[in-house]
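Descriptive analysis of the structure
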Amino acid sequence: MDYDTDLWMKVPDSWEGTPWKGPKQWSRYVSEAWWGDSDFEPSRKELKGLAATLQACAEQFPRSHPRLRRLPLLPDPRFMPLPVYVAAVEANGDREETLRELVTTDDPDLVEKPIVEDFTTEALGTGLRSLRYTQTGEDRTIVAGVRYAWRSEEAGCDVLVIATAPDPRRVLGAMDDIDAFVGRIRVSAGSG
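Read on for an overview of the structure. (Residues numbered from 1 in each chain as written. Predicted model: local features only at pLDDT ≥ 70, side-chain atom pairs only at ≥ 80, totals over all residues. Heavy atoms only, no water.)

For the rest of this paragraph, the subject is the sheet that holds strand 4 (residues 125-135). Taken together, six strands build an open sheet; the order of strands is 1-2-6-5-4-3 and the sheet is antiparallel. Lying at the two open borders of the sheet, with one neighbouring strand each, are strand 1 (69-70) and strand 3 (115-121). Alignment of strand 2 (residues 84-90) against strand 6 (residues 157-165), held across seven bridges, turns out to be antiparallel. Residue pairing in the sheet places Glu90 in a bridge with Cys157 of strand 6. (Pairing = 2+ DSSP bridges. Helix = DSSP H or I, 4+ residues; strand = E, 2+ residues; numbered from the N terminus.)

Here we take up a positive patch on the surface. A surface patch of like charges, here positive, comprises Lys24, Arg28, Arg44 and Lys48. When contributions to the positive patch are tallied by element, the ones reaching two or more residues are helix 1 (23-37) and helix 2 (44-64). By secondary structure assignment, the location of Lys24 is in helix 1. Owing to a relative accessible area of 41%, Lys24 belongs among the partly exposed residues under this scheme. (Patch = residues over 30% accessible without salt bridge, like charges linked within 9 Å, V, L, I, M, F, W, Y side chains within 5 Å. Areas by Shrake-Rupley, 256 points an atom, 1.4 Å probe, with all protein chains shown as cover. Salt bridge = Lys/Arg side-chain N within 4 Å of Asp/Glu carboxyl O. Lys, Arg positive; Asp, Glu negative; His and termini not counted. Charge placed at Lys NZ, Arg CZ, Asp CG, Glu CD. Buried < 20%, exposed > 50% of the residue type's maximum accessible area, 1.4 Å probe, protein only.)

On to the packing of helix 1 against helix 2. Think of two packed helices as two axes; the pair is described by the angle between the axes and how far apart they sit. At a closest axis distance of 8 Å, the pairing of helix 1 and helix 2 adopts a crossing angle of 130 degrees. As the angle between them shows, helix 1 and helix 2 are arranged oblique. The element helix 1 and its partner helix 2 pack so that their crossing is right-handed. Where helix 1 approaches helix 2, its residues Pro23, Lys24, Trp26, Ser27, Arg28, Val30, Ser31, Glu32, Trp34 and Trp35 are matched on the opposing element by Glu46, Leu47, Leu50, Ala51, Leu54, Gln55, Ala58 and Glu59. Broken down by class, the residue content of the contact of helix 1 with helix 2 amounts to ten nonpolar, three polar and five charged. (Axes fitted to C-alpha atoms, helices over the stretch in contact; angles between N-to-C directions. Parallel < 35°, antiparallel > 145°, perpendicular 65-115°, else oblique. Left-handed = near helix turned anticlockwise from the far one by under 90°. Contact = heavy atoms within 4.5 Å. Nonpolar A, V, L, I, M, F, W, Y, C, P; charged D, E, K, R; others polar.)

Pairs may arise between side chains of opposite charge once their charged atoms sit close together. Applying the stated criterion to the full structure yields nine salt bridges. Ionic pairing is found between Arg78 and Asp76, a salt bridge with its closest N-O pair at 2.5 Å. When the shortest N-O distance is used, the salt bridge between Asp167 and Arg169 registers 3.2 Å. Of the residues examined, Asp167 reaches a relative accessible area of 29% and is grouped as partly exposed. Within this structure, Lys10, Asp13 and Arg70 form a network of salt bridges that share partners.

What follows is the structure in structure tokens.
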């Protein structure tokens, strides 16, 4: 998967075959690298803070969407990473109906009807993008989310990208970066 490594990081799906024993070692390494590549001089507290945040992301993100790849967006090490999930799943059913289900779902926690529009990339063609707002059950926090879905007939799969955050400004402010990221996604036969 092609992406801008100054903005995006890939959380390993497994620690086997990586230089890290697990999320703790990975998060320390990535925190030091991210701060090292920034224009900021971090304090020890900031280094540890980002490492702790990244460790929590590596441990908790898989619970939200277990079989999806995790690529947090982090343009600035001083802020919270935005979780972004990517999957290619076997294509099933009517194209239009399936893509609408992938981007809107009949989520009972939707605050309002999602904004759904066509979204075109060079590699995937025209798919759908939705902007949706849900509310958590416990404390009624508004969660913003953007979802993208395409069908690749050649590869026999549907491509899904999901980004969510309990701070709507974070998602809205990241839309250009996410749009650019999904514009670089390519699939090949056997991706689903």
